[in-house]
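Single-letter residue listing:
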Amino acid sequence: MDIEAKRDAAIEDLRRFDGVLVAFSGGVDSSVVAALAEEALGERAVACTAKSETLPAAELEDATRVADEIGVRHEIVSFSELDSEAFVANDDERCYHCRSMRLGKMFEAARELGIETVCDGTNASDPGEGHRPGLRAVEELNAYSPLLEHGIEKSAVRAIAREYGLSVADKPSMACLSSRIPTGLEVTESRLSRIEKAETLLRTWGFEQFRVRDHDGLARIEVGADELDRALDPEFAAAVRRHLPDVGFDHVTLDLEGYRTGSVSPDSDEPEDAVDAEAVLGTEYPTVDD
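Our subject in this report is the structure included herewith. (Residues numbered from 1 in each chain as written. Predicted model: local features only at pLDDT ≥ 70, side-chain atom pairs only at ≥ 80, totals over all residues. Heavy atoms only, no water.)

### Comments concerning the sheet that holds strand β1 (residues 20-23)
Reading across the sheet, the 4 strands line up as β3-β2-β1-β4 and stay open at both edges, with parallel pairing between neighbours. Strands at the two margins of the open sheet, each flanked by one partner only, are β3 (73-78) and β4 (117-119). With direction set aside, neighbouring strand axes in the sheet form an average angle of 30°. Note: β1 against strand β2 (residues 45-51), 4 bridges, orientation parallel. Looking at the pairing, Val22 lines up with Ala47 of β2. The sheet contacts of helix α2 (residues 28-41) involve β1, β2 and β4, and relative to β1 the element is tilted by about 165°. (Pairing = 2+ DSSP bridges. Helix = DSSP H or I, 4+ residues; strand = E, 2+ residues; numbered from the N terminus. Axes fitted to C-alpha atoms, helices over the stretch in contact; angles between N-to-C directions. Contact = heavy atoms within 4.5 Å.)

Have a look at this one:
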């Protein structure tokens, strides 16, 4: 079955529901599900984003923008993973605890809206990508995954996103901020905050595929292979030394292996998605406030 046929089958499938609430991060997977649901159900489709300490503010803004782009109703609910001792402990089941809480809030929001079905963005590539405890939460809570159900893999998801004209069609996958903290090191608000601020700086400086790993105050920067030469620029090094201590890090290093998923948690649930970096970084390194 080709991509268009799979998309059409997913739309027809969604039409059998009275309404759906889509767990919506603004990434390409959930954006495609929201677009499919909106086409199938119109006003009976709702995209819902869960706001918490592990979601960067820029991602929440992006989700709001993309929901408007799709034309789907957008709701925001708030919760805190830090209320869960199991999540804070940051063992190899962290993603299970996070997904359980996040989807739990989706089901609560759906009930308040009189909607029975919650959809998520799990695609057909996800189950084959190693240790993914978050998928167990999807199964246990009985969320519906139209991309998985219709065999729509990641490459097809991006193709469908392009057909819809979505700006996130080529957006790199973005795991939550807690994925930057090594397994066994507690997830705290201060660690999440300094990671977010440091990654905001890298984004301001023009990097696209990167992570700032927090080794208890030591920042280990990973950037995509296509951007590593730029990260070796002495002026970038000087800017990092100057500004990352300002956001709370004691020491800063650059990982010469570059960006890779799960480097602080070998059995990570963090999604993998390569991207070609095309942005050109000049010699000016402004701060977030510039």
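### Focus: helix α5 (residues 94-112)
Taking 1.5 Å of rise per residue, 19 residues should cover 27 Å, and α5 covers 28 Å from first to last C-alpha, within 8% of that figure. Taken together, the buried positions of α5 are Arg94, Cys95, Tyr96, His97, Cys98, Arg102, Leu103, Met106, Phe107, Ala109 and Ala110. Backbone geometry just downstream of α5 places Gly114 in the positive-phi region, at approximately 75°. (Expected span 1.5 Å × (residues − 1). Buried < 20%, exposed > 50% of the residue type's maximum accessible area, 1.4 Å probe, protein only.)

### A look at the pattern of salt bridges
Here the structure, examined in full by the defined rule, presents 27 salt bridges. Here the salt bridges share partners, and the residues they tie into one network are Arg213, Arg220, Glu222, Asp255, Glu257 and Arg260. (Salt bridge = Lys/Arg side-chain N within 4 Å of Asp/Glu carboxyl O.)

### Brief notes about the packing of aromatic side chains
Applying the stated criterion across every chain yields a total of 3 aromatic pairs. Ring centres 5.7 Å apart and planes at 90° place the aromatic pair Trp205 and Phe236 in the edge-to-face group. Pair noted here: Trp205 is in the loop between α9 (189-204) and β5 (210-215) and Phe236 is in helix α11 (residues 234-243), with a separation of 31 residues, a long-range link. Exposure remark for Trp205: the relative accessible area of 1% places this residue in the buried category. Accessibility expressed as a relative area gives 2% for Phe236, which makes it buried. Cluster of aromatic residues (ring-pair linked, three or more members): Trp205, Phe207 and Phe236. One cation-aromatic arrangement involves Arg136 over Tyr96; the distance from NZ or CZ to the ring centre is 3.9 Å. Above the ring of Phe207, the side-chain terminus of Arg230 is found at 4.8 Å from the ring centroid. (Phe/Tyr/Trp six-rings, centres within 6.5 Å; stacked < 30°, edge-to-face > 60°. Lys NZ or Arg CZ within 6 Å of the ring centre and 35° of its normal.)

### Re the packing of α2 against helix α8 (residues 154-163)
Remark: α2 packs on α8, axes separated minimally by 9 Å, with the N-to-C direction vectors making an angle of 55°. In terms of orientation, α2 and α8 fall into the oblique class. For the pair α2 and α8, the sense of crossing is left-handed. Each of Val28, Asp29 and Val32 in α2 lies in contact with α8, whose residues at this interface are Lys154, Val157, Arg158, Ile160 and Ala161. A breakdown of the residues in the contact of α2 with α8 according to their chemical character gives 5 nonpolar, no polar and 3 charged. (Parallel < 35°, antiparallel > 145°, perpendicular 65-115°, else oblique. Left-handed = near helix turned anticlockwise from the far one by under 90°. Nonpolar A, V, L, I, M, F, W, Y, C, P; charged D, E, K, R; others polar.)

### Considerations on the pairing of β3
Taken together, the 6 bridges between β2 and β3 define a ladder with parallel strand orientation. From the neighbouring strand, Cys48 faces β3, where its bridge partner is Glu75. Tracing the backbone out of β2, into helix α3 (residues 57-70) and back to the parallel element β3 gives a crossover that is right-handed. (Right-handed = clockwise from strand over helix to strand, strands pointing away.)

### Some thoughts on the nonpolar core
By size, the foremost hydrophobic cluster in this structure holds 34 residues, and its most contacted members are Leu14, Val20, Phe24, Val32 and Ile70. Take this core: its biggest share by element is 9 residues, from α2. Beyond its immediate chain neighbours, meaning those up to four positions away, Phe24 contacts Ser30, Ser31, Ala34, Ala47, Cys48, Thr49, Ala63, Val66, Ala67, Ile70 and His74. Listed in part, the 26 residues of the second largest apolar core include Ala198, Leu201, Phe236 and Leu244. (Core = buried A, V, L, I, M, F, W, Y, C linked by side-chain atoms within 4.5 Å.)

### Quick look at the environment of Val168
Assignment of secondary structure puts Val168 in the loop between α8 and α9. The class for Val168 is buried, based on a relative accessible area of 1%. Considered as a pair, Val168 and Asp62 are 106 residues apart in the sequence and their alpha carbons are 9.2 Å apart. With residues near it in sequence (within four places) discarded, Val168 still touches Gly26, Gly27, Val28, Ser31, Asp62, Arg65, Val66 and Arg158.

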